[in-house]
Amino acid sequence: MGATLRDLRRRVDLSQRELADRSGVPKSTLARIEAGRGAGPAFRTVERLVRAAGGELAVRLPGVEPRLDEPDAEGQRAARTGAVRARADESGDELRDEAGRRYPAHLDVRRVMTLKDWPGAWWVHSYTLPERLWPLRVPELTYDLDRGRRDERRRRNQTRAQVRFRRAAEGLPATSWRFLAEVPGAGAVGELRAHERSVDLLLGEDWGDRRELVLEGVVVAPGLRTLGIGRQLIGLLARDMAVAGIRTTHAIAEAGGVEFLLACGFELQAGRPSALTLEVRSPRP
């Protein structure tokens, strides 16, 4: 019960004091429930806390199977349980400060693995300042006080965990290539488009029906452009190129697009700083 309430508070970004004020349940009672101390809480107390946080309670009799009008109820329950456990593992519920106190669950405490993980490292120019010159001690743990940043981080983590990739062919001619990155319930968050062209027709010579691709663009939703979605779309393109026996993809890019394509394996064409080529010689994993 305590872990469930903490997860519910985290979802709606409420501190213990804020949830106590909304529900009318004393903060000490809420803290005791979440810590698993004392006797089990009264049902009415749990109901007030859950409803105050915008949740709902469901009661099912023992041995009663889910109704047929509940689509994949067991699978949904398993998915929710797994999500709750995953968030509990990442949330820092067992992480404590230097005084041994548990961090508020809604802050999503995380470990500092690199300086970029710590919002307080704004003083490090490009994160390259030598450690001996750091003006502040880097903490072992950190969190975001700003709710907007917490929501954005949760959205990115959820996208990273749920995004799925596929090649779409519906409504497209055979020479069009389209790959999608999708999140269940949210739709597409990334897309790659390309089209084939015939080298024989382009050069007016017989090259054995040789084909190549022209990359039209790679688009990723704002706020999700550093999760590797675009790189994975390029990887899918290269895999299908190898299967289809197509070796070359051409692209024209500007500014940051050039750096992105270079990081994905493209190479600059000689004398054309905005033109890049990807050569695929064998199937990629």
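These figures come from a predicted structure and were not determined experimentally.

### What about the overall build of the chain?
Then step 1. Along its length, the chain carries 9 helices and 9 strands.
Then step 2. With 285 residues in all, the chain has 35% of them scored as buried.
Then step 3. If you take every contact in the chain between residues at least 6 apart in sequence, the share linking residues at least 24 apart comes to 49%.
Then step 4. Carbon together with sulfur atoms contributes 52% to the accessible area of the chain, which is approximately 18100 Å² in total.

### Things to note about helix H1 (residues 2-12)
Then step 1. Among the residues making up H1, those that are buried are Gly2, Leu5, Arg6, Asp7, Leu8, Arg9 and Arg10.
Then step 2. Phi turns positive one or two residues past the end of H1, at aspartate 13, with a value near 60 degrees.

### A closer look at the nonpolar core
Then step 1. Grouped together as the largest cluster of nonpolar side chains are 30 residues, with contacts concentrated most on Trp177, Leu192, Leu215, Ile229, Leu237, Leu261 and Phe266.
Then step 2. Those elements that place two or more of their residues in this core are strand S4 (176-183), strand S5 (187-198), strand S6 (211-220), helix H8 (229-244), helix H9 (256-263) and strand S9 (272-279).
Then step 3. The element best represented in this core is H8, accounting for 7 residues.
Then step 4. Leu5, Leu8, Leu19 and Val46 belong to the second-largest nonpolar core, a separate cluster that totals 12 residues.

### Examining the sheet that holds strand S7 (residues 248-252)
Strand pairing within a sheet occurs via backbone hydrogen bonds; the two strands may be parallel or antiparallel.
Then step 1. Strand order in the open sheet formed by 7 strands is S3-S4-S5-S6-S7-S9-S8, with mixed pairing between adjacent strands. Unpaired on one side and paired on the other, strand S3 (164-168) and strand S8 (267-269) mark the two borders of the sheet. Across the sheet, the axes of successive neighbouring strands diverge by a mean angle of 30 degrees, strand direction being ignored.
Then step 2. Examined bridge by bridge, S7 and S9 share 5 bridges and lie antiparallel to one another. Looking at S9, one finds that alanine 251 is bridged to leucine 276.
Then step 3. Each of S6, S7, S8 and S9 touches H9; the most contacted strand, S9, lies at about 25 degrees to it.

### Remarks on the environment of leucine 107
Then step 1. Locating leucine 107 in the fold gives a position in the loop between helix H5 (73-90) and strand S1 (110-111).
Then step 2. Note: C-alpha distance between leucine 107 and leucine 145 (38 residues apart in sequence) is 6.9 Å.
Then step 3. The contact partners of leucine 107, leaving out residues within four places of it in the chain, are Tyr143, Asp144, Leu145 and Arg150.

The rules behind these values
- Counting starts from 1 at the beginning of each chain's written sequence and moves along it residue by residue.
- Reporting in this predicted model follows two pLDDT cut-offs: at least 70 for local features of residues, and 80 or more for side-chain atom pairs to be given and counted; totals over whole chains, interfaces and linings ignore these cut-offs and use all residues.
- The side-chain values count all of the structure's non-hydrogen atoms but skip hydrogen atoms and water molecules.
- Put simply, DSSP marks the helices as runs of H or I at least four residues long and the strands as runs of E at least two long, and each gets a number from the N terminus on.
- Each residue's exposure class comes from its accessible area (1.4 Å probe, protein chains only) as a fraction of the maximum for that residue type: buried when under 20%, exposed when over 50%, partly exposed otherwise.
- Contact between two residues is taken to exist if any of their heavy atoms lie within 4.5 Å; hydrogens are not considered.
- To measure how exposed things are, a 1.4 Å probe is used in the Shrake-Rupley method; for residues, cover is taken only from the protein chains shown.
- Only buried residues count toward a nonpolar core. Its members are Ala, Val, Leu, Ile, Met, Phe, Trp, Tyr and Cys residues joined through side-chain atoms within 4.5 Å.
- At least two DSSP bridges between two strands are needed for those strands to be called paired.
- Here an angle of 0 to 180 degrees is reported between the N-to-C directions of two axes, which are lines fitted to C-alpha atoms, with helices fitted over the stretch in contact.

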